[in-house]
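# Summary of the model geometry
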Amino acid sequence: MNALPDEVIPVRAGVALTAFASDDAAAIHAAVDDVEIRRWLPLPRPYPLELAADWSTRVAETIRASGSGLVRCIREGERMAGCIDVKRVDWRARTAELGYWLSPAHRGRGLAAGAVDALASWLIDAQAFERVELRIATGNAASTRVAERAGFVYEGTARNAGFTDGGRVDLGIWSRIASDRR
């Protein structure tokens with residue numbers, strides 16, 4: 001069975017993608033209550049602290065060990081800045097999708113674009129993936145800017161392909177492939 005390694009992935013000075021720790025649960029709990037995160041992600045409501053604690057440790061490791069993905073904390077210094085995950089992994093085709101969010105205090109400084117770029121590069125260069133996708137609600141201008149800054153190419157719109165707390169949404173499909181050089 002394939003599984004992605006539990007590695008720390010550097011982003012830039014002072015920023016890395018790490019495993020979550022149980023100490024991150026309170027920061028996750030606070031972040032996912034943010035209106036912008038709620039606007040674009042279909043998260044459980046309510047999202048109790050116990051769920052954040054379980055998700056950040058046991059569930060995240062189960063996802064990694066099963067080969068179905070990888071959950072990483074976007075860590076700035078010692079602080080949790082957000083989350084980025086690898087999902088929809090197809091080991092035979094060597095493809096995967098990334099999802100991500102940042103807590104409000106960490107937005108607007110390039111952390112999301114840096115994390116997306118670093119994780120996509122790691123998947124392609126170190127893990128021999130051929131294609132990494134982003135699926136972004138067409139109204140989510142901030143995530144669209146992240147895709148552009150991280151070197152992803154817009155491919156088109158999948159109509160009614162996603163859902164958020166507000167209902168069904170069209171998704172812009174963005175990709176980076178192994179032959180795209182940064």
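Everything in this summary refers to the structure shown in the same document. Bear in mind that the values here come from a model prediction, so they are computed numbers and not experimental data.

## Section: the overall build of the protein chain
Along its length, the protein chain carries 5 helices and 8 strands. For the protein chain, the N- to C-terminal ordering of α and β elements is β-β-α-α-α-β-β-β-α-β-α-β-β. Seen through its C-alpha atoms, the protein chain measures out along the principal axes to roughly 40 × 35 × 35 Å. The burial tally for the protein chain puts 47% of its 182 residues in the buried class. Long-range pairs, those at least 24 residues apart, make up 60% of the contacts in the protein chain between residues at least 6 apart in sequence. In the form shown here, the protein chain has an accessible surface area of approximately 9100 Å², with 52% of it arising from carbon and sulfur atoms.

## A short note on helix α3 (residues 49-66)
Along its 18 residues, α3 runs 25 Å from first to last C-alpha, staying within 8% of the 26 Å computed at 1.5 Å per residue. If you check which residues of α3 are buried, you get A52, S56, A60 and R64. G67 sits one or two residues past α3 and shows a positive phi near 85 degrees.

## Re the environment of F163
Along the chain, the position of F163 falls in strand β7 (residues 153-164). Sequence separation between F163 and W40 is 123 residues, and the spatial gap between their C-alpha atoms is 8.2 Å.

## Some thoughts on the pairing of strand β1 (residues 9-12)
For β1 and strand β2 (residues 15-18), the ladder comprises 3 bridges, and the chain directions are antiparallel. Its bridge partner lying in β2, I9 is registered against L17. Counted between consecutive antiparallel strands, the loop separating β1 from β2 contains 2 residues, among which G14 sits at a positive phi close to 80 degrees.

## Considerations on the packing of aromatic side chains
The tally for this structure, following the rule as stated, stands at 3 aromatic pairs. Judged by centre distance (5.3 Å) and plane angle (65 degrees), the rings of W91 and F129 are edge-to-face. Of this pair, W91 sits in the loop between β4 (79-90) and β5 (95-102) while F129 is found in the loop between α4 (111-126) and β6 (131-137), placing the two residues 38 residues apart along the sequence. Take W91 and F129: they sit in the same class, and that class is buried. For R94, the ring lying beneath its charged end belongs to F129, and the centroid distance is 4.9 Å.

## Digging into unusual backbone geometry
For the bond running from R45 to P46, omega is 0 degrees, close enough to zero to count as cis. When you line up the elements, P46 lands in the loop between α2 (35-40) and α3. Even without a glycine there, the phi angle at R88 is positive, about 50 degrees. Its place among the elements puts R88 in strand β4. The exposed category is assigned to R88, whose relative accessible area is 59%. In the Ramachandran plot, R94 falls in the positive-phi region, its phi being about 60 degrees despite a non-glycine side chain. Judged by relative accessible area, R94 falls into the partly exposed class, the value being 23%.

What counts as what
- Residues numbered from 1 in each chain as written.
- Predicted model: local features only at pLDDT ≥ 70, side-chain atom pairs only at ≥ 80, totals over all residues.
- Heavy atoms only, no water.
- Helix = DSSP H or I, 4+ residues; strand = E, 2+ residues; numbered from the N terminus.
- Buried < 20%, exposed > 50% of the residue type's maximum accessible area, 1.4 Å probe, protein only.
- Contact = heavy atoms within 4.5 Å.
- Areas by Shrake-Rupley, 256 points an atom, 1.4 Å probe, with all protein chains shown as cover.
- Expected span 1.5 Å × (residues − 1).
- Pairing = 2+ DSSP bridges.
- Phe/Tyr/Trp six-rings, centres within 6.5 Å; stacked < 30°, edge-to-face > 60°.
- Lys NZ or Arg CZ within 6 Å of the ring centre and 35° of its normal.

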